[in-house]
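Remarks on the overall topology
Chain by chain, the residues run as shown.
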Amino acid sequence: MRISLRILLRRLSLGALLLASGTVWAAEWPSKPLTLIVPFPPGGGADTVGRYYADQLSKALGQPVVVDNRPGAGTAIAAEAAAKAAPDGYTLSLATAGQLTVLPNLADNLRYDPQTSFAPVSVVASIPNVIAVNGNLEATSLEELVADARARPGAISYSSCGNGTLCHLSGELFKRLAGIDLLHVPYKGSAPAITALLGGEVDVAVDTLTILAPQIQAGKVRGLVLTSAQRSPLLPEVPTAAEVGLPELENAGWFGIVVPARTPRAIVERLNAEIGRIAKDAQTAERFGQSGITPEYGTPEAFAELIRADLKRWGEVARAADVRID
């Protein structure tokens, strides 16, 4: 009995020591530069968001936050690198809706799980999609586009930034909700997709506000609906999904910060607090607003729930449209 008690006391002392060490370690974090993995090459909306938050977090944490662009495999390369990183708070990842909620529904060979490989920190920004048409069509409203599509099933084409992308699934969601048949024409990125719209190769495009706003503002194409809850100051004349009678069409490409699973909770909470301060800063709204990007912020739990809900939503859309990628 005396030996058992001695062992028990020793174990309790060791546990207390480890707990104290962990608390001190978390309190001393960060003591060296951090890395933020971005799943796209330099330039573009994701890189803009990532570099802005990296810069602001560097100031808030007192340590450099270095952007590491890891494009490729539809964002899977970046996600796999982030999932394998040490859970010590020194590797952050800019996660996207496509990376965590679309791609997992379309590919079977991913080396990460969107719900168990990461600890969500917070959503940081979002960009709604726009449905726009060119001069090939006379439609000046979504209602007119739907009527035309119903009269000519499969005759009207729409471009997306790629097969299995959020732009693509947003288009498929529109087709399902409106009860119409449009011909999907995928391109390798937004630039060629919009070039095709401007050149008359396709009739309709589904892409982000950031990409389509300049073309609509210049009068080159007509914006028919914005998939957000509120109208955008960039396109005040374009109605929202709810305003055209399709509230379920509301969706946005969001960006968030995640860290490897098992990262200490104290670090997740510190990062969440700093992101909240950045997202609520007027400078952030002004900087992002110029590109049609909306700053976002929420708890880790709210972010986890968003991932869960969007996984289910886009999975249903993908299965209904029979969308798969190799």
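Conventions adopted
Residues numbered from 1 in each chain as written. Predicted model: local features only at pLDDT ≥ 70, side-chain atom pairs only at ≥ 80, totals over all residues. Heavy atoms only, no water. Helix = DSSP H or I, 4+ residues; strand = E, 2+ residues; numbered from the N terminus. Buried < 20%, exposed > 50% of the residue type's maximum accessible area, 1.4 Å probe, protein only. Contact = heavy atoms within 4.5 Å. Areas by Shrake-Rupley, 256 points an atom, 1.4 Å probe, with all protein chains shown as cover. Core = buried A, V, L, I, M, F, W, Y, C linked by side-chain atoms within 4.5 Å. Phe/Tyr/Trp six-rings, centres within 6.5 Å; stacked < 30°, edge-to-face > 60°. Lys NZ or Arg CZ within 6 Å of the ring centre and 35° of its normal. Polar contact = N/O pair within 3.5 Å; in protein donor to acceptor, adjacent residues only side chain to side chain. Axes fitted to C-alpha atoms, helices over the stretch in contact; angles between N-to-C directions. Parallel < 35°, antiparallel > 145°, perpendicular 65-115°, else oblique. Left-handed = near helix turned anticlockwise from the far one by under 90°. Nonpolar A, V, L, I, M, F, W, Y, C, P; charged D, E, K, R; others polar. Expected span 1.5 Å × (residues − 1). 1 Å grid on protein atoms, 1.4 Å probe; cavity = no way out; pocket = protein on both sides within 12 Å on 5 of 7 lines; lining within 4 Å. Points joined across faces, edges and corners; volume = space filled by probe spheres on them. Pairing = 2+ DSSP bridges.

**With respect to the overall build of the protein**
Scanning the protein from N- to C-terminus turns up 11 helices and 10 strands. Across the 326 residues that make up the protein, the buried fraction comes to 50%. Within the protein, contacts between residues at least 6 apart in sequence are counted, and of these 77% link residues at least 24 apart. With the model as given, the accessible surface of the protein reaches about 15100 Å², and the carbon-plus-sulfur share is 54%.

**Here we look at the nonpolar core**
The nonpolar side chains of soluble globular proteins are, as a tendency, buried together. By size, the foremost hydrophobic cluster in this structure holds 49 residues, and its most contacted members are Val49, Tyr53, Leu94 and Val124. Counting residues in hydrophobic clusters, the runner-up holds 48 residues, among them Val102, Phe118, Phe174 and Leu246.

**Some details on the packing of aromatic side chains**
As enumerated under the stated definition, the model contains 6 aromatic pairs in all. Among the aromatic side chains, those forming a connected cluster through ring pairs are Tyr52, Tyr53 and Phe288. A cation over an aromatic ring shows up here: Lys32 above the ring of Tyr90, its NZ or CZ 4.7 Å from the ring centre. Its end group placed over the ring of Trp314, Arg313 keeps NZ or CZ at 5.1 Å from the ring centre.

**Overview of the side chain of Asn105**
Mapped onto the elements, Asn105 comes out in helix H4 (residues 97-106). Reaching out from Asn105, the side chain makes a polar contact with the backbone oxygen of Thr101 at a distance of 2.8 Å. Contacts of Asn105, omitting those with residues within four sequence positions, involve Leu311, Trp314, Gly315, Arg319 and Arg324.

**As for the environment of Ala132**
Looking at the secondary structure, you find Ala132 in strand S4 (residues 118-133). Ala132 sits 26 residues away from Tyr158 along the chain, and the two C-alpha atoms are 9.3 Å apart. Setting aside residues up to four positions removed in sequence, Ala132 forms contacts with Leu197, Asp203, Val204, Ala205, Leu212, Ile216, Val221, Arg222, Gly223 and Leu224.

**Some remarks on the packing of helix H2 (residues 44-61) against helix H10 (residues 282-289)**
Packing of H2 against H10 brings their axes to within 12 Å, and their N-to-C directions diverge by 160°. Of the possible angle classes, the one that applies to H2 and H10 is roughly antiparallel. Two packed elements cross with a definite hand, and for H2 against H10 that hand is right-handed. Of the residues in H10, those touching H2 at Val49, Tyr52, Tyr53 and Gln56 are Gln283, Thr284, Arg287 and Phe288. Of the residues in the contact of H2 with H10, the class split is 4 nonpolar, 3 polar and 1 charged.

**Looking at helix H8 (residues 209-217)**
Residues of H8 that are buried: Leu209, Leu212, Ala213, Gln215 and Ile216. Its buried side turned inward, H8 meets S4, helix H7 (190-198), strand S7 (204-208) and strand S8 (222-226). Looking one or two places after H8, you find Gly219, whose phi comes out positive at around 80°.

**Thoughts on helix H9 (residues 265-279)**
For H9, spanning 15 residues, the distance from its first C-alpha to its last is 21 Å, which sits close to the expected 21 Å at 1.5 Å a residue. What H9 keeps buried is the set Ile267, Val268, Leu271, Asn272, Glu274, Ile275, Gly276, Ile278 and Ala279.

**Looking at the layout of surface pockets**
Computed from the structure, the largest pocket encloses a volume of approximately 1000 Å³. What lines the largest pocket is a set of 40 residues, and nearest its centre among them are Phe40, Thr75, Cys161, Thr165 and Ser190. Across the lining of the largest pocket, the residue classes break down as 19 nonpolar, 19 polar and 2 charged. Of the voids in this model, the second largest pocket is the one considered here, and its volume is about 410 Å³. Taken together, 23 residues make up the lining of the second largest pocket; nearest its centre are Ser126, Pro128, Ser228, Gln230 and Thr294. Looking at the lining of the second largest pocket, the elements with two or more residues in it are S4, H10 and strand S10 (294-295). Ranked by the residues each element gives to the lining of the second largest pocket, the list is headed by S4, at 3 residues. Grouping the constituent residues of the lining of the second largest pocket by class yields 11 nonpolar, 9 polar and 3 charged.

**Considerations on the pairing of S4**
Taken across its 16 residues, S4 has 16 buried, putting it largely inside the fold. Note: S4 against strand S9 (residues 252-260), 9 bridges, orientation antiparallel. Looking at the pairing, Val123 lines up with Gly256 of S9. Here 2 bridges tie S4 to S10, and the two strands are oriented antiparallel to one another. Across the sheet, the residue bridging to Ser126 is Thr294, located in S10. Bridge count for S4 against S7 is 5 bridges, and the pairing is antiparallel.

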